[in-house]
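Residue-level structural notes
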Amino acid sequence: MDSTIQPISGGNNHHKISLDLLRAVAILLVLGRHSFSSGIWHWLGWSGVDLFFVISGFLVSGLLFGELKATGKMRIGRFLARRALKIYPSFYLFLGVSLLVSWATHRSIVGSQLLSEVFYLQSYIDGMWMHTWSLSVEEHFYLSMALVMAIWQKRGFPQHVTKTMLWLIALTIVFITLRIGYCWPHRNEVRFDFTATHIRADGIWIGLILAYAYHFGSLSTWLSTKQWLFAIIFAMALITLIIWPAGSPNMNTWGITVICLGFGALLCLSLNAEVKLQQWLNSHSTSKIIKKTVGVLLTIGRHSYSIYLWHLFADNLLEKLGVFRAMKWKDGELYAGGCTIVTAILLGLAMGWLVEAPILRWRNKKFA
């Protein structure tokens, strides 16, 4: 059996080893946040969602930017169909199973919660699950971007790179200002939560800016010449993440933007390391243990959507089955948290292989 590690489809940014590893980091951060009640993994874990946002913003907008650069046009309908087949089947199956379990366990569901989930309004209206708000933010991004791109295409693609970049940066400042305006009344609170799309889309927007700069600007050159700059930005973000707690006024205002900028810098460092990473992993001098470990991480990264969908379901399942009670583990502590993470990964991988992967294979044939 060939022990080399290759991208799923060579040359496609969507399946670079470096970005799949970043996805694995993102989902592991989220799992640590929701599986442990304390510790460094719990402290840092909430930022996994923002790392997902940066990756999604870069890759999803990059699909259209790349097509425009290569062919001079964008197939918006094809883009929306492919996104729908990626997101909706797995999500609505998850929602259906959640409803069946709620009915079987006599858990009452408020109508607004169900409607919020069905119509992807979770970032504004509480849904059945606390983690699906981020799916709502991404869905709003996909639809808004498709609309803007369609209008842009109809107007003949006015590509003034510098002017466009200035507009994108200006809109970033608008988003930050809106968030500060929202957070100011809560400034004396120790922590508070917020999920609205227009004040939590920093990561997606930064990913989009990077994608535009990559395809039409100088970012592709900067990847190899400005590594020191990206490293400094990421270090600043890491310090911010360590110092300020999630939900604090400082984190909820400028902190999130700094962290998303740092994750954008990390994405750039990862893209630049892609070739060397492949060479290292495919080298005969690299141990089989390392290759197998990276292979596991790549599998987790490539199925991160399904793992994210089902991870809280896995935690609830373990609790309902009385596993923690039988083992005398306290929920949120080391053994219970570790068991939750392993179960979430296994359940997510199973659903990815059974549901997501077959649909994506069919999608790739019908909407190539």
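Refer to the structure presented above.
The rules we used
- Residues numbered from 1 in each chain as written.
- Predicted model: local features only at pLDDT ≥ 70, side-chain atom pairs only at ≥ 80, totals over all residues.
- Heavy atoms only, no water.
- Helix = DSSP H or I, 4+ residues; strand = E, 2+ residues; numbered from the N terminus.
- Buried < 20%, exposed > 50% of the residue type's maximum accessible area, 1.4 Å probe, protein only.
- Contact = heavy atoms within 4.5 Å.
- Areas by Shrake-Rupley, 256 points an atom, 1.4 Å probe, with all protein chains shown as cover.
- Lys, Arg positive; Asp, Glu negative; His and termini not counted.
- Charge placed at Lys NZ, Arg CZ, Asp CG, Glu CD.
- Axes fitted to C-alpha atoms, helices over the stretch in contact; angles between N-to-C directions.
- Parallel < 35°, antiparallel > 145°, perpendicular 65-115°, else oblique.
- Left-handed = near helix turned anticlockwise from the far one by under 90°.
- Nonpolar A, V, L, I, M, F, W, Y, C, P; charged D, E, K, R; others polar.
- Phe/Tyr/Trp six-rings, centres within 6.5 Å; stacked < 30°, edge-to-face > 60°.
- Salt bridge = Lys/Arg side-chain N within 4 Å of Asp/Glu carboxyl O.

**Topic: the overall build of the protein chain**
Each helix and strand in the protein chain was counted, giving 17 helices and zero strands. Here the protein chain holds 368 residues, and the buried ones make up 50% of them. Contacts spanning at least 24 positions in sequence make up 73% of the contacts within the protein chain whose residues lie at least 6 apart. Of the accessible surface of the protein chain, which amounts to about 18,500 Å², a share of 68% is contributed by carbon and sulfur atoms. For the protein chain, the distance from the average site of its 32 positive side-chain charges to the average site of its 17 negative ones is 9 Å.

**Re unusual backbone geometry**
Even without a glycine there, the phi angle at His106 is positive, about 60°. Look at Lys328: it is not a glycine, yet its phi comes out positive at around 60°.

**Things to note about the packing of helix α4 (residues 76-104) against helix α17 (residues 334-366)**
Interaxial distance between α4 and α17 falls to 10 Å at its minimum, and their mutual angle equals 155°. With respect to α17, the axis of α4 lies roughly antiparallel. As for the relative orientation of α4 and α17, their crossing is right-handed in sense. The segment α4 lies against α17, with Arg82, Leu85, Lys86, Pro89, Ser90 and Leu93 engaging Met351, Val355, Glu356, Ile359, Leu360, Trp362, Arg363 and Asn364. Looking at the contact of α4 with α17, its residues break down into eight nonpolar, two polar and four charged.

**Quick look at the packing of aromatic side chains**
Going through the model one piece at a time under the given rule, you end up with 21 aromatic pairs. Ring geometry for Phe94 versus Trp129: centroids 5.4 Å apart, planes at 40°, classification tilted. Taken together, the residues Phe94 in helix α4 and Trp129 in the loop between α5 (111-118) and α6 (133-154) connect sequence positions 35 residues apart. Each member of the pair, Phe94 as well as Trp129, is classed as buried. A ring pair is formed by Trp129 and Phe313, whose centres lie 6.4 Å apart and whose planes are at 45°; its orientation type is tilted. Residue Trp129 is found in the loop between α5 and α6, and its partner Phe313 is found in helix α15 (residues 304-320); the two are separated by 184 residues along the sequence.

**Focus on the pattern of salt bridges**
Using the criterion set out here, one finds six salt bridges in the structure. The salt bridge involving Arg23 is made with Asp20; its shortest N-O contact spans 2.4 Å. Linking Arg23 with Asp20, this pair stays in helix α1 (residues 17-35), spanning three residues, or about one helical turn. Judged by its relative accessible area of 0%, Asp20 is buried.

Honestly, it's all geometry; don't read function into it.
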